[in-house]
Amino acid sequence: MDCYSCDREAVFAGLPPRERIAADEHWRVAHAFGSALPGWLVLLPRRHVTAVGGLTDAEAAGLGSWQVRVSRALEAVTGCAKTYVAQFAEAEGFAHVHFHIVPRAGDHPPELRGPKVFGLLGADAPVPAQQMDELALRLGPLLR
């Protein structure tokens, strides 16, 4: 299977803070890579699933709670005005269901609001690993 999320799950204990911000038996929170926006997080099921309808009842039961808790933690740490939540799982190697939870600051540029925020993925100057780890260490305690 060619699945980035499952490959990372297989080495969970050795992942850097940015890739294991918080987790339970069903879900893991990680900082998105390749994004120019600090705090752009992803919420991933800890087993391989490629469609929301494929979530177990237990996974589904925790999904809403995780989305709200992650949003609240982002608001507390980044001061964002709101969060966006999106799920597509269409990119090659990333068909594993994952929810983007994206902080949107009050002064976020209008041309990058709503779905246009995805213009910040695949950035030439992504958030440095050290900054992602620092954010992870601030967010983690709020999610435990």
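As the structure is a computational prediction, the values presented were derived from the model and not from experiment.

(A) Just the overall build of the protein chain, in detail. When you go through the protein chain residue by residue, the secondary structure sums to three helices and five strands. Secondary structure elements of the protein chain, listed N to C terminal, follow the sequence α-β-β-β-α-β-β-α. In terms of overall size, the protein chain behaves like a compact globule, its C-alpha atoms giving a radius of gyration of 14 Å where 144 residues would be expected to give roughly 15 Å. The dimensions of the protein chain, computed from C-alpha atoms along their principal axes, are 40 × 30 × 30 Å. Out of the 144 residues in the protein chain, the part that is buried amounts to 44%. For the protein chain, the accessible surface area stands at approximately 7,300 Å², while carbon and sulfur atoms represent 55% of it. Separation between the mean location of the 14 positive side-chain charges and that of the 16 negative ones in the protein chain comes to 7 Å.

(B) Here's a closer look at the layout of surface pockets. Quantified by volume, the largest pocket comes out at close to 410 Å³. Phe33, Val42, Phe94, His98 and His100 are, among the 23 residues lining the largest pocket, the residues nearest its centre.

(C) Structural context of the pattern of salt bridges. Scanning all chains against the criterion turns up five salt bridges. The shortest N-O distance in the salt bridge between Arg8 and Glu19 comes to 2.8 Å. With Arg8 in helix α1 (residues 4-9) and Glu19 in the loop between α1 and β1 (22-23), this residue pair connects regions lying eleven residues apart in the sequence. By relative accessible area, Glu19 is classed as buried at 11%. Note that Arg46 is salt-bridged to Glu9, the shortest N-O span being 2.6 Å. Here Glu9 lies in helix α1 and Arg46 lies in the loop between β3 (41-45) and α2 (57-78), a separation of 37 residues in the sequence. What you see here is one network of salt bridges that share partners, running through Glu9, Arg28 and Arg46.

(D) Spotlight on the environment of Ala86. By the secondary structure assignment, Ala86 is in strand β4 (residues 82-87). Overall, Ala86 belongs to the buried group, its relative accessible area being 16%. Remark: the alpha-carbon pair of Ala86 and Asp24, spanning 62 residues in sequence, is separated by 21 Å.

(E) Region of interest: the packing of aromatic side chains. Enumeration according to the criterion identifies six aromatic pairs in this entry. Seen in terms of ring centroids, Phe33 and Phe94 are 6.0 Å apart; in terms of plane orientation they differ by 50°. Their pairing is tilted. One end of the pair, Phe33, is in the loop between β2 (27-31) and β3; the other, Phe94, is in the loop between β4 and β5 (99-104), with 61 residues separating them in the sequence. For Phe33, a relative accessible area of 47% translates into the label partly exposed. An aromatic cluster of three or more residues is present, and its members are Tyr4, Phe33 and Phe94. The residue whose ring lies beneath Arg46 is Phe12, and the NZ or CZ to ring-centre distance is 4.3 Å.

(F) Inspection of the side chain of Asp133 at higher detail. Residue placement: Asp133 occurs in helix α3 (residues 129-143). Reaching out from Asp133, the side chain makes a polar contact with the side chain of Arg18 at a distance of 2.7 Å. Ignoring anything within four residues of it in the chain, the contact list for Asp133 reads Pro16, Pro17 and Arg18.

The rules behind the values
Residues numbered from 1 in each chain as written. Predicted model: local features only at pLDDT ≥ 70, side-chain atom pairs only at ≥ 80, totals over all residues. Heavy atoms only, no water. Helix = DSSP H or I, 4+ residues; strand = E, 2+ residues; numbered from the N terminus. Rg over C-alpha atoms; globule rule 2.2 N^0.38 Å. Buried < 20%, exposed > 50% of the residue type's maximum accessible area, 1.4 Å probe, protein only. Areas by Shrake-Rupley, 256 points an atom, 1.4 Å probe, with all protein chains shown as cover. Lys, Arg positive; Asp, Glu negative; His and termini not counted. Charge placed at Lys NZ, Arg CZ, Asp CG, Glu CD. 1 Å grid on protein atoms, 1.4 Å probe; cavity = no way out; pocket = protein on both sides within 12 Å on 5 of 7 lines; lining within 4 Å. Points joined across faces, edges and corners; volume = space filled by probe spheres on them. Salt bridge = Lys/Arg side-chain N within 4 Å of Asp/Glu carboxyl O. Phe/Tyr/Trp six-rings, centres within 6.5 Å; stacked < 30°, edge-to-face > 60°. Lys NZ or Arg CZ within 6 Å of the ring centre and 35° of its normal. Polar contact = N/O pair within 3.5 Å; in protein donor to acceptor, adjacent residues only side chain to side chain. Contact = heavy atoms within 4.5 Å.

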